[in-house]
Amino acid sequence: MKRILLSVALIAAMTAPALARQSKTDSGLAKLAPSDRFQQVCDIALMEKLRHENRSYKPDSVIAYALGEPSISGDTLQGDGGAFRSGGMWYRYSFTCAATPDRMKVISLEYKVEDTVPKSEWDAHGLSIH
């Protein structure tokens, strides 16, 4: 019994920082306008998905509207002009992101990584300042 309690305590101690970060993220997202929150929650989900599904990318910035304005239909955000930065390069991506009605959680996310964004286009899209 003591081993189980110790294991539970250890797991709780290890996950506490992650839960605190999630709470801060949720608190920040709740302060945004719903459309901005929608884009942010999808950006965060894409960053996490890329990190876990595709080891060749280590994204440090994701912008759903970088190369074109996404469209919203109900609880779905869709676009083909997103960009993320990994290893100092920007990559274009298309995506479909469905969220809860409050725009706080992503229900599903599909994406396709396209080509790199040429450096000659970074300034025109504000990517040089990110």
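Below or above, wherever it landed, is the structure these notes cover. (Residues numbered from 1 in each chain as written. Predicted model: local features only at pLDDT ≥ 70, side-chain atom pairs only at ≥ 80, totals over all residues. Heavy atoms only, no water.)

1. Quick notes on the pattern of salt bridges
- Applying the stated criterion to the full structure yields four salt bridges.
- In this structure, the salt-bridge partner of glutamate 48 is arginine 51, at a minimum N-O distance of 3.3 Å. Linking glutamate 48 with arginine 51, this pair stays in helix α2 (residues 34–53), spanning three residues, or about one helical turn.
- Aspartate 75 is the partner of arginine 103 in a salt bridge, and the nearest nitrogen-oxygen pair spans 2.5 Å. In this pair, arginine 103 sits in the loop between β4 (89–99) and β5 (106–116) while aspartate 75 sits in the loop between β2 (71–73) and β3 (76–86), placing the two residues 28 residues apart along the sequence.
- Judged by its relative accessible area of 13%, arginine 103 falls in the buried class. (Salt bridge = Lys/Arg side-chain N within 4 Å of Asp/Glu carboxyl O. Helix = DSSP H or I, 4+ residues; strand = E, 2+ residues; numbered from the N terminus. Buried < 20%, exposed > 50% of the residue type's maximum accessible area, 1.4 Å probe, protein only.)

2. Examining the state of the cysteines
- Tallied over the full model, the rule gives one disulfide.
- Here cysteine 42 is linked by a disulfide to cysteine 97, with a sulfur-sulfur distance of 2.0 Å. In this structure, the disulfide formed by cysteine 42 and cysteine 97 twists by about -90° around the S-S bond and is classed as left-handed. Linking cysteine 42 in helix α2 with cysteine 97 in strand β4, this pair joins segments that are 55 residues apart in sequence.
- Given the relative accessible area of 3%, cysteine 42 is considered buried. (Disulfide = S-S within 2.5 Å.)

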